[in-house]
Amino acid sequence: MSRHDFQVARDEFLSFRLGDEEYAIDILKVQEIRALEAVTRIANAPRYLKGVINLRGSIVPIVDLRAKLGMPDSSQAGAVVIILNLAERVMGVVVDAVSDVVALAREDVRPAPEFGSVVDATFIRGLAPIGERMLILVDITRLMTSGELAVVERAAA
């Protein structure tokens, strides 16, 4: 038997950049990738909720992932929106750039380090070193469905 007789289970992730960091999310959560377009602001919405867009007749909330993660604002020139399908809800997240699709075996993923109470790492699935790159694997459902879905549901209603 050759080593090719065994298929290693691999999960695919969409990698993207926020500043100098590279993140990745489960490709199965991604519906589409779009250029950042004008959004309609929602009054009294949290800073991370940029607003909503009309996507083929559906009102889709757009979350600024930089703001959500407490990162400084950028000019957002060239920013893109990843449209996600999470827990029966469509929403978009703004990122600096989309990199590529990466297939990772489970053994390629290292556990996230313990940060204590300084950093909320509950949404980090792990870290994946790939050559010179270090991908931060994000549990996007956990990140976006804590208190955010309630805010998003009210905003989109």
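Structural data are supplied above this passage.
Topic: the overall build of the protein chain
Along its length, the protein chain carries three helices and 10 strands. Relative to its full complement of 157 residues, the protein chain shows a buried share of 39%. Counting only contacts in the protein chain whose residues sit at least 6 apart along the sequence, the fraction spanning at least 24 positions is 56%. Counting every atom, the protein chain has about 8,900 Å² of accessible surface; 51% of that belongs to carbon and sulfur.

A word on the sheet that holds strand β10 (residues 133–138)
Spatial ordering of the open sheet is given by β8-β1-β2-β10-β9, a layout of five strands whose pairing is mixed. Two strands bound the open sheet, and with one partner strand each, they are β8 (97–105) and β9 (124–130). Ignoring strand direction, the axes of neighbouring strands in this sheet form an average angle of 30°. Relative to β8, strand β1 (residues 10–18) runs antiparallel, the two sharing seven bridges. Bridge pairing links Asp11 to Leu104 in β8.

Here we look at the pattern of salt bridges
If you walk through the whole model with that rule in mind, you get nine salt bridges. Between Arg34 and Glu32 there is a salt bridge whose closest N-O contact spans 3.3 Å. When its relative accessible area of 23% is taken as the criterion, Arg34 is described as partly exposed. Taken together, the salt bridges that share partners define one network made up of Arg17, Glu22, Asp100 and Arg133.

Here we look at unusual backbone geometry
Residues other than glycine seldom take positive phi values, yet Asn44 does so here, at roughly 60°. Tracing the backbone through its elements, the reader meets Asn44 in the loop between β3 (30–35) and β4 (49–55). Residues other than glycine seldom take positive phi values, yet Arg56 does so here, at roughly 50°. Given the relative accessible area of 62%, Arg56 is considered exposed.

Quick look at the sheet that holds β3
Read across the sheet, five strands follow the order β3-β6-β7-β5-β4 without closing on themselves; strand pairing throughout is mixed. At either margin of the open sheet sits one strand with a lone partner, and together these are β3 and β4. For this sheet the average axis-to-axis angle between neighbouring strands, irrespective of direction, equals 30°. Direction of pairing for strand β6 (residues 80–86) relative to strand β7 (residues 89–95): antiparallel, over a ladder of seven bridges. Pairing of Leu86 across the sheet is with Arg89, part of β7.

A word on the environment of Ile124
On the secondary structure map, Ile124 appears in strand β9. Separated by 16 residues in the primary sequence, Ile124 and Ile140 have C-alpha atoms spaced 8.7 Å apart.

A word on the packing of aromatic side chains
Within this structure, the stated rule accounts for one aromatic pair. Ring geometry for Phe16 and Tyr23: centres 5.8 Å apart, planes at 15°, overall stacked. Of the residues examined, Tyr23 reaches a relative accessible area of 9% and is grouped as buried. The aromatic ring of Tyr48 is capped on one face by Lys68, whose charged end is 5.5 Å from the ring centroid.

Things to note about the side chain of Asp26
One can find Asp26 in strand β2 (residues 21–26). The side chain of Asp26 sits in the buried core without any salt bridge; Arg125 is the nearest counter-charge, 4.3 Å away. In this structure the side chain of Asp26 is engaged in a polar contact, spanning 2.9 Å, whose partner is the backbone nitrogen of Leu28. What Asp26 contacts, discounting residues up to four positions off in sequence, is Glu12, Phe13 and Arg125.

Calculation notes
- Residues numbered from 1 in each chain as written.
- Predicted model: local features only at pLDDT ≥ 70, side-chain atom pairs only at ≥ 80, totals over all residues.
- Heavy atoms only, no water.
- Helix = DSSP H or I, 4+ residues; strand = E, 2+ residues; numbered from the N terminus.
- Buried < 20%, exposed > 50% of the residue type's maximum accessible area, 1.4 Å probe, protein only.
- Contact = heavy atoms within 4.5 Å.
- Areas by Shrake-Rupley, 256 points an atom, 1.4 Å probe, with all protein chains shown as cover.
- Pairing = 2+ DSSP bridges.
- Axes fitted to C-alpha atoms, helices over the stretch in contact; angles between N-to-C directions.
- Salt bridge = Lys/Arg side-chain N within 4 Å of Asp/Glu carboxyl O.
- Phe/Tyr/Trp six-rings, centres within 6.5 Å; stacked < 30°, edge-to-face > 60°.
- Lys NZ or Arg CZ within 6 Å of the ring centre and 35° of its normal.
- Lys, Arg positive; Asp, Glu negative; His and termini not counted.
- Polar contact = N/O pair within 3.5 Å; in protein donor to acceptor, adjacent residues only side chain to side chain.

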